[in-house]
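Summary of structural features
Residues per chain, in single letters:
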Amino acid sequence: MKILATLAASLLAVAISAQSPLLVQPAGAFYGWNPPAANHQTFFDMTVNTTITLQALTTPLYSQAGVTGSLEMYITNPGITTFVGNETNAANWSLAASGAIKANGLVANATACMALNGSGAVLQPGSYGVAIRYLGVATLFRAVATVPQTFSNAELTVTGGAIQYGAFTYATSGPTAGYAGWNWYGQIIYQNGVFPHACAENANYGTGCYNKFGSFFQEWTSAAAAGAALNGKSLSMIPNGIGGYDLVPGLPLYAYAAPSGAAIQIPATDNGEQMQALTIPFAYPGGVATEFYIHSNGFVSVASNSTIPNNTIPEPTTLLAAPATAWWSWHQYNPTEAGSGFIWFEEDLGTAQIRVTWLNVESYPTTAVNQSTMQMVFDPITGIVTFNWVALDTVGGSGTLDWDDTLVGYSPGGASPNPGASDLPALFAGGPSISLPGTEAFSLKVVASAKPLIGTTISLDTSNETSLGIGLNYLSVVQLPSPGIDLGFLGAPGCPLLVDITVGIGNVISNLGVPGLSMSVAFPLPNNPTLAGVSAYSQSVWLDPAANAFGALTSNGIEMVLGNF
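What counts as what
- Residues numbered from 1 in each chain as written.
- Predicted model: local features only at pLDDT ≥ 70, side-chain atom pairs only at ≥ 80, totals over all residues.
- Heavy atoms only, no water.
- Core = buried A, V, L, I, M, F, W, Y, C linked by side-chain atoms within 4.5 Å.
- Buried < 20%, exposed > 50% of the residue type's maximum accessible area, 1.4 Å probe, protein only.
- Helix = DSSP H or I, 4+ residues; strand = E, 2+ residues; numbered from the N terminus.
- Phe/Tyr/Trp six-rings, centres within 6.5 Å; stacked < 30°, edge-to-face > 60°.
- Lys NZ or Arg CZ within 6 Å of the ring centre and 35° of its normal.
- Disulfide = S-S within 2.5 Å.
- Pairing = 2+ DSSP bridges.

Let us look at the nonpolar core. In a soluble, globular protein the nonpolar side chains are often hidden away together inside. In this structure, Trp327, Trp358 and Phe378 are the most contacted members of the largest nonpolar core, which totals 39 residues. Looking at which element gives the most residues to this core, the answer is strand β26 (residues 353-362), with 4 residues. Counting 32 residues, the second-largest nonpolar core is a separate cluster that includes Val130, Tyr134, Val158 and Trp184.

Written as structure tokens, this is what we have:
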């Protein structure tokens, strides 16, 4: 467990109307697990004074905006009134509620609507031990100066706390230096009494047609794992006949070569970028570079990528959205650290190779010797790009979440569809090459504009249409679960049908600017509480004679669960 940040005594509470939240917001410092736990838990004791229906939990996360996961609330079984002594006995606990949660950014509050089997969790008067479990998102918890901490209102009292790396298996962690213990931090949102409750949720399912992936990536979440996978390995990206790259094990012609006396030392900056003019322009898919932008954290771009968020934290979503085409071996390097080597740029006129070398460059923490040597080789004659990983740091220990990560990849500039992680070790072991097309494309997509709250109107918005024309958005009460029915038998292979169009309605959509038509369809939700928990489904179809023999594309599907929170 490592410190993440020491913040002000409290975060601003999220304003939630029409509920009576209990605020559990102790003063102290935020900490989190590094690496993140798969199923971290935070414990506290809770006394319920009057019957309530749990609706939601709000808590800060240390995850990039958009990262999704879930929260689960467990309570001790009847007759067990405290978490103390029960932290490693799973048989003494029962799931009370769970809900999806989506990060709003690093060290920011996020809210999970909580339910059990589609309904609110009703808590009767009494005392309970409580465990809040985090799945898929990085947690934050408070180190506090005194224990126990107590927070209460007329309905609830929360007391004490503990943290556990693995749910019901690890011992709870003792206090960190300078503090007396741990506390959960957040809000418990509820209604008094037994209250009809369902979470309004949208969930995309299935995949529309057709994605074309021009990017690749693979991420390792520890220095040891990255070193084991990459040290001594090389990867070459060879321009192919379709305007993209084929990825193969490194070609001997571009093997690592140490910087010569003619190499230029890049100024040492931490988390900085340096422009370097090229004597020979370098052609890449989509353009020609006359200069490279060399970033201290292990990536080279054809234009500035200085605006990417959190360039200290390797994330696939950031790589795929970077504004400039770049080649990435992204890690939190620190060439300004005492004893660090440097980054070198060299145009070898004898071999016509451009080489960018991180030579014995340090990583965090500054108290450890953990240097890395790697090189990118660019051939302006052939357009081939090669990564050479000579000796990456295997020590790690940065002390900050994600700073030990390494993300290798390539992505054209601008928003790119996510191809999922590659398997570079399989490629190095003789597996098939990876082929990237020259032109990327996003599949037809439909999304709901907002949560389907009863009594509101949302819209179903279709995008990524391939031409000017018309299509249909279907709203149905019957889902065809992913992968749906492939329409290859109609001449549209890879395009799935994901809703039953015989028990729904179709609305025309268009981008032609015809009055009364657009790419959005309004979906009014009646103000009827009995609809809580009911599901509706939507999918769009776009007519494009050039798309396939059938002349149509299909989108993903959306499941909309109507709710009151």
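What follows picks up the thread again.
With that settled, consider the environment of proline 545. By secondary structure assignment, the location of proline 545 is in the loop between β38 (535-543) and β39 (552-561). Among the residues examined, proline 545 registers a relative accessible area of 74% and is labelled exposed. Residues proline 545 and aspartate 402, 143 residues apart in the sequence, show an inter-C-alpha distance of 46 Å.

What follows is about the packing of aromatic side chains. Throughout the structure, instances matching the rule amount to 29 aromatic pairs. On the basis of an interplanar angle of 85 degrees and a centroid distance of 6.4 Å, the ring pair of phenylalanine 342 and tryptophan 344 is categorised as edge-to-face. Residue class for phenylalanine 342 comes out partly exposed when judged on its relative accessible area of 31%. Through successive ring pairs, a cluster of aromatic residues spans Tyr31, Trp33, Phe141, Tyr165, Tyr170, Tyr179 and Trp182. The ring of phenylalanine 30 carries the charged tip of arginine 142 above its face, separated from the ring centre by 4.0 Å.

Moving on to the environment of threonine 457. Along the chain, the position of threonine 457 falls in strand β32 (residues 457-463). When the C-alpha positions of threonine 457 and glycine 193 are compared, they lie 28 Å apart, and in sequence the two are 264 residues distant.

Another point: the state of the cysteines. Taken as a whole and judged by the stated rule, the model has 2 disulfides. Note that cysteine 113 is cross-linked by a disulfide to cysteine 199, the S-S spacing being 2.1 Å. Its S-S torsion of approximately -90 degrees makes the covalent link between cysteine 113 and cysteine 199 left-handed. With cysteine 113 in strand β8 (residues 106-113) and cysteine 199 in the loop between β15 (186-192) and β16 (201-205), the pair connects residues that are 86 residues apart, well separated along the chain. For the pair cysteine 113 and cysteine 199, one class covers both residues: buried. One disulfide in the model links cysteine 209 with cysteine 495; its S-S distance is 2.1 Å. Negative torsions about the S-S bond denote left-handed disulfides, and the value of about 105 degrees found for cysteine 209 with cysteine 495 makes this one right-handed. With cysteine 209 in the loop between β16 and β17 (216-220) and cysteine 495 in strand β35 (residues 492-497), this pair connects stretches of sequence that are 286 residues apart. In this structure, cysteine 209 and cysteine 495 share a single accessibility class: buried. Sequence-ordered numbering of the bonded cysteines in the chain gives a disulfide pattern of 1-2, 3-4.

Moving on, we come to the pairing of β38. Among the 9 residues of β38, 7 are classified as buried, and the element is accordingly described as predominantly covered. Strand direction decides the pairing type here: strand β33 (residues 470-476) and β38, joined by 6 bridges, are antiparallel. What sits directly across from leucine 475, in β38, is serine 538. Relative to β39, β38 runs antiparallel, the two sharing 8 bridges.

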